[in-house]
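Chain by chain, the residues:
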Amino acid sequence: MSLNVLVIDDSATMRRMIGRALQMTGLPIGRIEEAGDGAAGLSALRARPFDLALVDINMPHMDGLSMIDAASRDTQVSSVPMVVVSTEASEARLAELERRGIPLVRKPFDPERLLDAVLGAIGGVR
Amino acid sequence: MMVPDPASTHRLLGVSDALGVAVVVALEGLCFVSAEGFLDEQPGEPARCATVSFTGPSSGVVCVAVPTSLVPTLFGDLMDGSGGADDGAVADALGELTNIVCGNVLPRIHGKSAAFALSPPRTGLAPSASATATAVIAIPGGWVAASIHPAAS
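Only a predicted model underlies this, so the values are computations on that prediction, with no experimental measurement involved.

1. A look at the layout of surface pockets
Residues and elements named next belong to chain B.
Thinking step 1. By volume, the largest pocket is sized at about 240 Å³.
Thinking step 2. Surrounding the largest pocket, 16 residues form its lining, Ser53, Val61, Pro127, Ser128 and Ala152 being those nearest its centre.
Thinking step 3. Every element with two or more residues in the lining of the largest pocket is listed here: β2 (47–55) and β3 (60–67).
Thinking step 4. Broken down by element, the lining of the largest pocket gets its largest block of residues, 3 residues, from β2.
Thinking step 5. Within the lining of the largest pocket, the residues separate by chemical class into 10 nonpolar, 5 polar and 1 charged.

Following this line, the structure appears as structure tokens:
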């Protein structure tokens, strides 16, 4: 089974890097789609099935945490595993994400770190 | 001058050194470029710059400047094979580099418990306020400069 992934980040550069890194993890990556903000990401999640979403925090229109909150309240998409990929990694933010069971990958990252986070989100093991 | 080891310098350096380490980390992680050392000041050649504002325990602006001549080399691999010709792609890549520098330098200065809100990157607007810290990193073929400025009053 391949993983269909939605990458949500306001930087096209970062979306491209995340896509490349995903391809380097060795995971069976299927479709990779992109969204430039939380609102577009939420719409994409509702429009098509995804196995994983990688979400930036600091984005215009709807930030990543607001998008995750909205997704968690929507039974249509609440089961999609999320990974936060962000420069922001204060202890408070880390604790909040840990409480919610959402792995965080801090930018910049390498494929190994991304792989660990993705496996943590989808329940896989190395 | 040797570049400090990012893994061993957290909270041990002054602000300018912390800024330099954050730039080195960002360059290695985003652009796959290794630093060759620090320069004393920013060379006077045309440069593109991007800024990210931050608010939290302190407020201000982080600015990152890259010489125009280095842009294709530094960001070419990140820009969808366009070879660096697309201005929007350059702005996006430089903005993301600045975002990563900002996000990495603040915990090195204020500690990991400090929470900051970062603005989206803006390009082409150098802060008018004098820098409170600067770091100029020599890399193959050029340099990358970063500075921290107080918030506009």
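That covers the picture; the talk isn't over yet.
2. What to know about the side chain of Thr13(A)
Thinking step 1. For Thr13(A), the location among the structural elements is in helix α1 (residues 12–24).
Thinking step 2. Using a relative accessible area of 2% as the deciding quantity, one classes Thr13(A) as buried.
Thinking step 3. Aside from chain neighbours lying at most four places away, what touches Thr13(A) is Leu78(B), Ala89(B), Asp92(B) and Ala93(B).

3. What to know about the interface of chain B and chain A
Thinking step 1. Of the residues lining the interface, 26 residues belong to chain B; the matching set on chain A comes to 18 residues.
Thinking step 2. Summed over both partners, the interface of chain B with chain A buries about 1,800 Å², with 49% contributed by carbon and sulfur atoms.
Thinking step 3. A per-residue breakdown of the area chain B buries against chain A is headed by Leu78(B), Asp92(B) and Glu96(B), which together make up 25% of the total.
Thinking step 4. Counting across the interface, chain B meets chain A through 1 salt bridge.
Thinking step 5. Where Glu96(B) meets Lys107(A), a salt bridge forms, and the shortest distance between an N and an O atom there is 3.1 Å.
Thinking step 6. The interface formed by chain B and chain A contains 10 residue pairs in polar contact (both at pLDDT 80 or more).
Thinking step 7. Of all the secondary-structure elements, those providing two or more residues to the side of chain B that touches chain A are α1 (15–31) and α3 (87–110) of chain B.
Thinking step 8. Ranked by residue count, the leading element in the side of chain B that touches chain A is α3(B), at 9 residues.
Thinking step 9. Grouping the constituent residues of the side of chain B that touches chain A by class yields 15 nonpolar, 6 polar and 5 charged.

Conventions and cut-offs
- Residues numbered from 1 in each chain as written.
- Chains lettered and ligands numbered in written order.
- Predicted model: local features only at pLDDT ≥ 70, side-chain atom pairs only at ≥ 80, totals over all residues.
- Heavy atoms only, no water.
- 1 Å grid on protein atoms, 1.4 Å probe; cavity = no way out; pocket = protein on both sides within 12 Å on 5 of 7 lines; lining within 4 Å.
- Points joined across faces, edges and corners; volume = space filled by probe spheres on them.
- Helix = DSSP H or I, 4+ residues; strand = E, 2+ residues; numbered from the N terminus.
- Nonpolar A, V, L, I, M, F, W, Y, C, P; charged D, E, K, R; others polar.
- Buried < 20%, exposed > 50% of the residue type's maximum accessible area, 1.4 Å probe, protein only.
- Contact = heavy atoms within 4.5 Å.
- Buried area = accessible area lost by both parts, 1.4 Å probe.
- Salt bridge = Lys/Arg side-chain N within 4 Å of Asp/Glu carboxyl O.
- Polar contact = N/O pair within 3.5 Å; in protein donor to acceptor, adjacent residues only side chain to side chain.

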